[in-house]
Amino acid sequence: MTPCSRPAPTRLGLLDGKRATTHWSTCDKLAKLFPGVEVAPEAVYVEDGRLWTSAGVTTGIDMTLQMVADDVGESIANAIAKRLVIATRRPGYLSQVSAVIAAHEKADPDFSALLLWLQAHLSEPLDVASMAARISMSPRTFHRKFTSRFQQTPARFVETLRLEHAQSLLRGGLAIKFIAGQCGYNDFS
């Protein structure tokens, strides 16, 4: 063996028959290399018995905080999250790529600015007319261009943003009424 050559990596089979995740860009490769693994490409982290896997560095923090919560309680995990200045703890089932991140890939500068604005104003009424006015378009033109660019209506997109935000807030142990208000669900009639 020459100094630069290395033996082939040993495949220990630790993931065989288990559910696991990894970074979205390598999930296909993991599935091909290890057909005995049930790859969860959407999950930010996965717990399968004593085995935990995460999609990346920041999702590893979310996973670790969940381990702490399981072992010693939510209040301690939340205190650690606060100390780390984490806005919210994400549950493992959340998608690796949020609706906003996926939309930014398709957005031109006008729509990119709108997407950022929408995230900061989810508690407000968000109809087509107000969104169109925000980027100086007529409601009809806005609806047509938005639907064409993002393959969904503006209303469906706003609903997805609100639900993602609500899911993330639910992990913080906040009151449902507060979460509803933060996500634009103020009318319970």
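Calculation rules
- Residues numbered from 1 in each chain as written.
- Predicted model: local features only at pLDDT ≥ 70, side-chain atom pairs only at ≥ 80, totals over all residues.
- Heavy atoms only, no water.
- Core = buried A, V, L, I, M, F, W, Y, C linked by side-chain atoms within 4.5 Å.
- Buried < 20%, exposed > 50% of the residue type's maximum accessible area, 1.4 Å probe, protein only.
- Contact = heavy atoms within 4.5 Å.
- Phe/Tyr/Trp six-rings, centres within 6.5 Å; stacked < 30°, edge-to-face > 60°.
- Helix = DSSP H or I, 4+ residues; strand = E, 2+ residues; numbered from the N terminus.
- Axes fitted to C-alpha atoms, helices over the stretch in contact; angles between N-to-C directions.
- Parallel < 35°, antiparallel > 145°, perpendicular 65-115°, else oblique.
- Nonpolar A, V, L, I, M, F, W, Y, C, P; charged D, E, K, R; others polar.
- Pairing = 2+ DSSP bridges.
- Expected span 1.5 Å × (residues − 1).

**Regarding the nonpolar core**
Here comes step 1: If you look at the biggest cluster of nonpolar residues, it comprises 18 residues, and the most contacted ones within it are F111, L114, L118, F142 and F157.
Here comes step 2: Those residues within four positions of L118 in sequence are excluded, and the remaining contacts are L126, M131, F157, V158 and L161.
Here comes step 3: Counting residues in each nonpolar core, the second largest holds 5 residues, with A20, C27, V37 and V39 among its members.

**Structural notes on the packing of aromatic side chains**
Here comes step 1: Taken as a whole, this structure holds 8 aromatic pairs when the rule is applied.
Here comes step 2: Consider the rings of F146 and F150, whose centres lie 4.6 Å apart with planes at 50°: the pair is tilted. Of this pair, F146 and F150 both sit in helix α7 (residues 139-150), 4 residues apart, roughly one helical turn.
Here comes step 3: Exposure remark for F150: the relative accessible area of 4% places this residue in the buried category.
Here comes step 4: Among the aromatic residues, those joined into a cluster by ring pairs are F111, F142, F146, F150 and F157.

**A short note on the packing of helix α5 (residues 109-120) against α7**
Here comes step 1: Relative to each other, α5 and α7 sit at 90°, their axes nearing to 12 Å. The pairing of α5 with α7 is recorded here as roughly perpendicular in orientation. Seen from α5, the contacting residues are F111, L114 and L115; seen from α7, they are F142, K145, F146, R149 and F150.
Here comes step 2: Residue composition of the contact of α5 with α7, grouped by class: 6 nonpolar, no polar and 2 charged.

**A word on the pairing of strand β3 (residues 45-48)**
Here comes step 1: When β3 meets strand β4 (residues 51-54), the two strands line up antiparallel, connected through 4 bridges. Bridge pairing in β4 places E47 opposite W52.
Here comes step 2: Adjacent in sequence and paired antiparallel, β3 and β4 are bridged by 2 residues, among which G49 carries a positive phi angle near 70°.

**Some words on α5**
An α-helical segment advances 3.6 residues per turn. Residues three or four places apart therefore align on the same side.
Here comes step 1: With 12 residues, α5 should reach 16 Å at 1.5 Å per residue; the first-to-last C-alpha distance of 17 Å fits that figure.
Here comes step 2: Listed in full, the buried residues belonging to α5 are F111, S112, L114, L115, W117 and L118.

**Some remarks on unusual backbone geometry**
Here comes step 1: The backbone of S136 sits at a positive phi, close to 55°, despite the residue not being glycine.
Here comes step 2: Relative to the elements of secondary structure, S136 occurs in the loop between α6 (128-134) and α7.
Here comes step 3: What makes S136 exposed here is its relative accessible area of 70%.
Here comes step 4: The backbone phi angle of Q151 is positive, close to 55°, even though this residue is not glycine.
Here comes step 5: Tracing the backbone through its elements, the reader meets Q151 in the loop between α7 and α8 (154-170).

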